[in-house]
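# Breakdown of the fold
Single-letter residue listing:
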Amino acid sequence: MRYEAPETLGAAIALLAGATGDTRVLAGGTDLLVQMRADVVDPELIIDIKRIGETRTVTEDRGGWRIGAAVTGAELKEHPRLKLVWPGVVEAANLIGSTQVQGRATLGGNLCNGSPAADSVPALIAAGALATLAGPQGRRDLPVEDVMLGPRQLALGKGEIVVSFWLPPRPPRSSDAYLRFIPRTEMDIAVVGAGVSVTVDGAGAIAAARVSLGAVAPRVLLVPEAAQAIVGSRLDRAAQDRLEAAARAACRPIDDKRGTTEFRIQVAGVLARRAALIALDRARTS
Ligand SMILES: Cc1cc2nc3c(=O)[nH]c(=O)nc-3n(C[C@H](O)[C@H](O)[C@H](O)COP(=O)(O)OP(=O)(O)OC[C@H]3O[C@@H](n4cnc5c(N)ncnc54)[C@H](O)[C@@H]3O)c2cc1C
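Here goes a summary of the coordinates provided. Quantities reported herein were computed from a predicted structural model and do not represent experimental measurements.

## What to know about the pattern of salt bridges
- Per the counting criterion, the structure on display carries 19 salt bridges.
- Residues D22 and R24 are paired through a salt bridge, measuring 3.0 Å at the closest nitrogen-oxygen approach.
- Take D22: its relative accessible area is 30%, and that puts it in the partly exposed class.
- What makes R24 partly exposed here is its relative accessible area of 28%.
- The closest approach of N and O atoms between R237 and D241, which form a salt bridge, is 3.1 Å. Taken together, the residues span about one helical turn, with R237 and D241 both in helix α10 (residues 237-250) at a distance of four residues.
- Here the residues in one salt-bridge network are R237, D241, E244, R248 and R273, joined through shared partners.

## A closer look at the sheet that holds strand β14 (residues 221-222)
- Read from one edge of the open sheet, four strands run β11-β12-β13-β14, paired in antiparallel fashion. The outermost strands of the open sheet, each flanked by one partner alone, are β11 (174-181) and β14.
- Where strand β12 (residues 192-200) and strand β13 (residues 206-214) come together, eight bridges link them in antiparallel fashion. Along β13, the bridge assignment pairs G193 with G214.
- On the sheet, helix α11 (residues 261-285) packs against β11, β12 and β13 and is oriented at approximately 150° with respect to β11.

Basis of the calculations
- Residues numbered from 1 in each chain as written.
- Predicted model: local features only at pLDDT ≥ 70, side-chain atom pairs only at ≥ 80, totals over all residues.
- Heavy atoms only, no water.
- Salt bridge = Lys/Arg side-chain N within 4 Å of Asp/Glu carboxyl O.
- Buried < 20%, exposed > 50% of the residue type's maximum accessible area, 1.4 Å probe, protein only.
- Helix = DSSP H or I, 4+ residues; strand = E, 2+ residues; numbered from the N terminus.
- Pairing = 2+ DSSP bridges.
- Contact = heavy atoms within 4.5 Å.
- Axes fitted to C-alpha atoms, helices over the stretch in contact; angles between N-to-C directions.

Okay, here's the thing in structure tokens:
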């Protein structure tokens, strides 16, 4: 096995594009190294992207925020301003694993591992985040909801990596929240996850919303019907009921030992409602 840690994006892409055998990008390694130890993957070439500056920084960009794909959850939590603007994204990244795991695990790795239960992905989708990809043909932006096509299936072409995520500018009175259900308090994979982002108008009604659900379908879902169910409302009981119904209607979950289909559908509605209430409360006081 060959290990490379290039210091430029160009060098990383050239290595990836020129590789013939099984090649893997390494960020925090909290998925990749576990899979290697379990003999699930056996790469010939590992390309560590953590020395590439662009993947490791959080910057303000065009009125929004750009987060490098190899920034860890712990680093996001320490950022003085990001958590004020995007508390849901930061809290989702900090639900991943334990304190130790959060010191390594990255947003890029969470997305590119291709799990429908990845915790930060619903929060990024609710945020309207774009993933910036770079490859032999140059750069392109993809909405995060379009990056994952199914379990372990990504829309990345050969030689492409996720370089960063761009979170759009935030209008006043906006906020977000992420909640997940797990059978224990930590160190478990989401049975259901829900991310909600809202903007409130001057009169206190929801002017814009995005709702995303994880672990209830082969890919993390953007659920526009759930957002439409609450736009124009003050999230009164009737709007909450509409939101729950729309969230449940979007679910196509598996049935396994961690949760039955019926249970996941039920919980998806509850979490979408609770996350919306938290996001709304944060938006009104932001
Ligand atoms: C004990 C434990 C607990 C965990 N708990 C959770 C949890 O609660 N919630 C959760 O969602 N996950 C959890 N995970 C899974 C894992 O920690 C996360 O998915 C994490 O975000 C992966 O990030 P990473 O940087 O470690 O990825 P890596 O392991 O480095 O990479 C993961 C995959 O993505 C690819 N990749 C990484 N970065 C890029 C990039 N920029 N461009 C293209 N491909 C890339 C790699 O090649 C690899 O296939 C847990 C893992 C462990 C070991």
